[in-house]
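What follows is the residue order along each chain.
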Amino acid sequence: REANLGSLPVDISITSTSLEVRSREACTTVMLPAEVRVAPSSCRGLQCLPGDGLHLRLQVQAELVSTLSESLKPQKSYVFYCQSCGDIIIKEGKFLRVLPLPSENWSALVEEWCCHPNPFVKSKLHPQKHDCFLGDTFFLLNSGNELCKSKENTRVICKRCKTMLGETVSSETTKYYVTEVIIRPSEESFSTVSRSQFVQSMIAQCLVEFSSAKSTFRFSIKGDDGKVYILVWLLNSDTLLVESLGSLSSHSVFTLFGDTLRPDSGPVATWNAVKVLYQPCIKSRNKDLADAWENDIGVHPLAFPSETCLELLLILGLSTASLPPSLRCMNSFQVSNCCF
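Since this is a predicted model, take the numbers as computed values, not measurements.

The rules behind each value
Residues numbered from 1 in each chain as written. Predicted model: local features only at pLDDT ≥ 70, side-chain atom pairs only at ≥ 80, totals over all residues. Heavy atoms only, no water. 1 Å grid on protein atoms, 1.4 Å probe; cavity = no way out; pocket = protein on both sides within 12 Å on 5 of 7 lines; lining within 4 Å. Points joined across faces, edges and corners; volume = space filled by probe spheres on them. Helix = DSSP H or I, 4+ residues; strand = E, 2+ residues; numbered from the N terminus. Nonpolar A, V, L, I, M, F, W, Y, C, P; charged D, E, K, R; others polar. Contact = heavy atoms within 4.5 Å. Salt bridge = Lys/Arg side-chain N within 4 Å of Asp/Glu carboxyl O. Buried < 20%, exposed > 50% of the residue type's maximum accessible area, 1.4 Å probe, protein only. Pairing = 2+ DSSP bridges.

### Some remarks on empty space enclosed by the protein
Scanning the model with the defined rule gives 2 cavities of 30 Å³ or more in all. The space that makes up the second largest cavity amounts to roughly 50 Å³. Forming the walls of the second largest cavity are Ile203, Leu207, Ile221, Val232, Val276, Leu312, Leu316 and Cys338. Contributing elements (two or more residues each) for the lining of the second largest cavity: helix H3 (195–214) and helix H6 (306–322). The class makeup of the residues in the lining of the second largest cavity is 8 nonpolar, no polar and no charged.

### Some thoughts on the side chain of Ser306
Along the polypeptide, Ser306 turns up in helix H6. The residues contacting Ser306, other than those within four sequence positions of it, are Gly223, Asp224, Asp225 and Tyr229.

### Notes on the pattern of salt bridges
Within this structure, the stated rule accounts for 11 salt bridges. The residue Asp87 makes a salt bridge to Lys159 at a minimum N-O spacing of 3.4 Å. Of this pair, Asp87 sits in the loop between strand E6 (77–82) and strand E7 (88–94) while Lys159 sits in the loop between strand E11 (155–157) and strand E12 (164–168), and the two are 72 residues apart along the sequence. Residue Lys159 is classed as partly exposed on the basis of its relative accessible area, which comes to 49%. The salt bridge partner of Asp291 is Lys287, with a shortest N-O separation of 3.0 Å. Of this pair, Asp291 and Lys287 both sit in helix H5 (residues 287–294), 4 residues apart, which is roughly one turn of the helix. When its relative accessible area of 35% is taken as the criterion, Asp291 is described as partly exposed. By sharing partners, the salt bridges in this structure join Asp87, Lys159 and Arg160 into a single network.

### Topic: the pairing of E6
Among the 6 residues in E6, 6 count as buried, and that is most of the element. What you see with E6 is no split at all: Ser77, Val79 and Tyr81 on one side and Tyr78, Phe80 and Cys82 on the other are buried throughout. As paired strands, E6 and E7 are joined by 4 bridges and run antiparallel to one another. Bridged to Phe80 within E7 is Ile90. Where E6 and strand E14 (residues 181–185) come together, 5 bridges link them in antiparallel fashion. Across the sheet, residue Cys82 finds its bridge partner in E14, namely Val181.

Below, the structure written as structure tokens:
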């Protein structure tokens, strides 16, 4: 969008590491990051749309990031921090087992597996002292690892900034939401991560991990109050965002993302991202669609703190606003990118 295309004709040069747009009045060059390469011969759909700028399609090669389940390993020591303020929640957590929990609706399927009454109806999965159980949007830990204790069926609140981190499942088990806690190996020092960058990164990982494991691509984002806040339809999980930060116009776009700009980005910033369609459901918006998705077995609910759901809705809206106008909607849904 930065290129001045008022003077035609325009020459466009593409190499594996750069894109150059040259007219009689100006020349704009975008250098790609070192980890990104394109195939110049794959260029398709070249056009200039008023209000949008230059559109083209290129084949890109880039590395994708790991998911949450790949980042937590047994027999390794971790420190758990409050994402909002950096306060230590668990000083030294070393797990003998890191295990994925079954799907949220596993107990409803037991009747299909057993020819007799459900033998697990009164059973609950609780981690032992050195266990970490991974759910769709949370992890369960034994309360013996924590620096502070909470009563059963209560919110777990950061003692420094009062942010909700999770809730107690039982007197011995605590559930932490992945959007509220930063986990770092004990040998690494704590580094601050911007709130908006962290929220969308963790939610993008949840979408990628669950869609890959369950082949589910539609999700209802629910708060801890049980209300549906957003309907999300995952389009793809291999989107790569590359933005030039070298001019005033590119900065004006990125102020929409606020603190997602990294100080070490240099002239070009790169993010792995998932591309999603979404519909807001707050204040009874899209109620009929939300009700239809609620009764659809192909839609999977993902629960987060209600405040985080509102943050995510704002992040998605700002991402939509940063897209060219012609790319902001698809079939009555809004289009957004959720960055890792």
